[in-house]
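# Survey of secondary and tertiary structure
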Amino acid sequence: MQTRTLGQNLDVAAIGFGAMGMSMSYGPNPGSREDMIGVLRYAVERGVTLIDTAEVYGPYDNEKLVGEAIAPLRDQVKVATKFGWNIVDGAMQGTNSRPEQIRRVADESLQRLGVDAIDLFYQHRVDPNVPIEEVAGTVGELVAAGKVKHFGLSEAGAQTIRRAHSTFPVTALQSEYSLWTRDPEAEILPTLKELGIGFVPFSPLGKGFLTGTITPDTTFSAGEFRLSTPRFTPENLTANQALVDQVRALASGRGATPGQVALAWLLAQGDFIVPIPGTRRRDRIDENLGAADLQLTVAEIAELNTLADRVGVAGERYSEAGLKMVGL
Ligand SMILES: NC(=O)c1ccc[n+]([C@@H]2O[C@H](COP(=O)([O-])OP(=O)(O)OC[C@H]3O[C@@H](n4cnc5c(N)ncnc54)[C@H](OP(=O)(O)O)[C@@H]3O)[C@@H](O)[C@H]2O)c1
């Protein structure tokens, strides 16, 4: 797979891997813990060099899983994790990016991951109670101490990115971006380009929707994140089929899958972009990584660019309660 550079010098394969779904949000895993470790190792075998996790995934279990999986492969893979939540009895209880919390999470994440340094340490959500300069300064100290290699932000606004970057260089921003969530285009992408910061789109497959495998009849298991997400109600899924139908039509003309087109479209938005699709199945890893070889034409990109505007997207990306829970 081709290599891309996040920020000044974090070189990774063009498509990374999101491990969150193995510990939360998408219902029971299709296999055992050992199987999931096998899937993570398979991703690396197939060329993935960036694995994404977070303290809060599980919480805690996902970092341990990733740590166990990469133990024999440490020199082949960069690991990204995230701090920034108060976690009480396994539940997220608001943001916390106070310096002592960041330092504590770094030490604990290093332990769980079983690594000497965290390659990319993101603030998971901006903390309204802690100036971003203080956060950047604290991560900068962890970099100086050799515990962290790169600093990242997630779902931060343009001004916050600028303020953070002027205190300590930001290597990457991770925010939701896909064919049906295009909010970063107006202000965020130009800011990142100007400052030389990489972009890591999360939920690049629209939480599975853009693969064309989810229909209004799809049943989500209890506790699944999509069950409470407006875009995934049967009515909105019915309305949103028009979007994925068009992606499917374009894909079939290219001998590709809708998910590959969704990822190839993201890759075409800039060489500083590294999406991190998540899956618990090996065949889907092969499919998703295949997107790196799909070069969309200028006309295809233009068609996809106007798609969401033309057919529309029904439903918000988070419910009110969901927004509150994830700190947005
Ligand atoms: N920074 C943040 O706040 C934030 C928020 C959300 C996510 N993330 C990160 O971003 C990563 C990816 O996001 P995401 O998992 O929410 O969404 P996603 O990658 O857009 O979609 C994942 C869903 O799509 C399914 N899927 C994957 N490949 C498929 C394929 N080829 N065909 C059919 N279905 C497929 C997966 O099911 P199976 O697993 O069953 O294959 C899963 O249900 C996460 O793992 C996490 O690391 C970060």
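Here's what I pulled together on the structure shown here.

### Some remarks on the pattern of salt bridges
Taken as a whole, this structure holds 19 salt bridges when the rule is applied. We note a salt bridge from Arg103 to Glu141, for which the minimum N-O separation is 3.7 Å. You can see Arg103 sitting in helix 3 (residues 99-113) and its partner Glu141 sitting in helix 4 (residues 132-144), a full 38 residues away along the chain. Notably, a salt bridge pairs Lys147 with Asp107, separated by 2.8 Å at the nearest N-O pair.

### Some remarks on the packing of aromatic side chains
Taken as a whole and assessed by the stated rule, the structure comprises 8 aromatic pairs. With centroids separated by 5.5 Å and ring planes inclined at 55 degrees, the aromatic side chains of Tyr177 and Trp265 adopt a geometry described as tilted. With a gap of 88 residues between them, Tyr177 in the loop between strand 10 (170-176) and helix 6 (188-195) and Trp265 in helix 8 (residues 258-267) connect regions that are remote in the sequence. With respect to burial, Tyr177 and Trp265 carry one shared label: buried. Sitting above the plane of the Phe232 ring, Arg226 keeps its charged end 5.9 Å from the centroid.

### Concerning helix 10 (residues 298-311)
Its 14 residues give helix 10 an end-to-end C-alpha distance of 20 Å, which sits within 8% of 20 Å, the value for a rise of 1.5 Å per residue. Its maximal kink placed at Asn305, helix 10 deviates by approximately 25 degrees. Listing the buried residues of helix 10 in full gives Glu300, Ile301, Leu304, Leu307 and Ala308. A positive phi of about 80 degrees marks Gly312, the residue just after helix 10.

Cut-offs used in this document
- Residues numbered from 1 in each chain as written.
- Predicted model: local features only at pLDDT ≥ 70, side-chain atom pairs only at ≥ 80, totals over all residues.
- Heavy atoms only, no water.
- Salt bridge = Lys/Arg side-chain N within 4 Å of Asp/Glu carboxyl O.
- Helix = DSSP H or I, 4+ residues; strand = E, 2+ residues; numbered from the N terminus.
- Phe/Tyr/Trp six-rings, centres within 6.5 Å; stacked < 30°, edge-to-face > 60°.
- Buried < 20%, exposed > 50% of the residue type's maximum accessible area, 1.4 Å probe, protein only.
- Lys NZ or Arg CZ within 6 Å of the ring centre and 35° of its normal.
- Expected span 1.5 Å × (residues − 1).
- Bend = angle between axes of the 7 residues up to and from the residue.

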